[in-house]
Amino acid sequence: MDQSFLNRPELSGLDPVKKKFLAELVEEAQKTPQKNMPTLYMKAISKMNTLRLKFSPEESALLSEILEAQMSKEDRKRFDAVKKMLLK
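Below is a short write-up of the structure.

Calculation rules
- Here, residues in each chain are numbered from 1, in the same order as that chain's written sequence.
- Local features are withheld for residues below a pLDDT of 70 in this predicted model, meaning they are given only at 70 or higher, and side-chain atom pairs are given and counted only at 80 or more; totals for whole chains, interfaces and linings count all residues.
- Computation of side-chain values: all heavy atoms of the structure, hydrogens and water removed.
- Put simply, DSSP H or I for four residues or longer makes a helix, DSSP E for two residues or longer makes a strand, and each gets a number counted from the N terminus.
- Categorising residues by exposure relies on relative accessible area from a 1.4 Å probe, with only protein chains included: less than 20% of the type maximum marks a residue as buried, more than 50% marks it as exposed, and the intermediate range marks it as partly exposed.
- Here an axis means a line fitted to C-alpha atoms, over the contact stretch when the element is a helix, while the angle between two N-to-C directions is reported on a 0 to 180 degree scale.
- Small angles under 35 degrees read as roughly parallel and large ones over 145 as roughly antiparallel, with 65 to 115 read as roughly perpendicular and the rest as oblique.
- By convention the crossing between two helices is left-handed if the near helix lies anticlockwise of the far one by an angle smaller than a right angle, and right-handed if it lies clockwise.
- Every residue pair with non-hydrogen atoms within 4.5 Å of one another is taken to be in contact.
- Three categories are distinguished: nonpolar for Ala, Val, Leu, Ile, Met, Phe, Trp, Tyr, Cys and Pro, charged for Asp, Glu, Lys and Arg, and polar for the others, with Gly belonging to the last.
- A side-chain nitrogen of Lys or Arg and a carboxyl oxygen of Asp or Glu constitute a salt bridge if their distance falls within 4 Å.

1. Points about the environment of Val17
Then comes step 1: With respect to the helices and strands, the residue Val17 is situated in helix H1 (residues 16-31).
Then comes step 2: According to the relative accessible area criterion, Val17 is partly exposed, its value standing at 49%.
Then comes step 3: Separated by 34 residues in sequence, Val17 and Leu51 have C-alpha atoms that sit 9.4 Å apart.

Dropping the structure here:
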């Protein structure tokens, strides 16, 4: 997954700390086997909490849309399952 999505106009107002966090997450995701993505997602949430990063619902929706667009159909299903589990 390339990081060009961070340059989209919709994200131009995104806080630089959030952009850095996302860039690091994408870099880590590129090195992570697909079966370990749920674990990576959980670690990302923990790091967000540590850094006290909060994404607005609009930012979260847009980022999910961008990330899911770059995923295979199978990966999208896994991603959706993890999101549902975490939103309960």
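2. Some thoughts on the packing of H1 against helix H2 (residues 37-51)
Then comes step 1: It is at 11 Å that the axes of H1 and H2 come closest, and there the two elements cross at 160°. In terms of orientation, H1 lies roughly antiparallel with respect to H2. By crossing handedness, the relation of H1 to H2 is classed as right-handed. Within the contact between the two elements, H1 uses Phe21, Glu24, Leu25, Glu28 and Ala29 and H2 uses Met37, Leu40, Ala44, Lys47, Met48 and Leu51.
Then comes step 2: Residue composition of the contact of H1 with H2, grouped by class: eight nonpolar, no polar and three charged.

3. Brief notes about the pattern of salt bridges
Then comes step 1: Enumeration according to the criterion identifies five salt bridges in this entry.
Then comes step 2: Across the pair Lys18 and Glu59 runs a salt bridge, and its minimum N-O distance is 2.8 Å. Of the two residues, Lys18 sits in helix H1 while Glu59 sits in helix H3 (residues 57-69), which places them 41 residues apart along the sequence.
Then comes step 3: A salt bridge links Glu24 to Lys47; its shortest N-O distance comes to 3.0 Å. Pair noted here: Glu24 is in helix H1 and Lys47 is in helix H2, with a separation of 23 residues, a long-range link.
Then comes step 4: Residue classification places Lys47 among the partly exposed positions, given a relative accessible area of 36%.
Then comes step 5: When salt bridges with common partners are traced through the structure, they connect Lys20, Glu24 and Lys47 into a single cluster.

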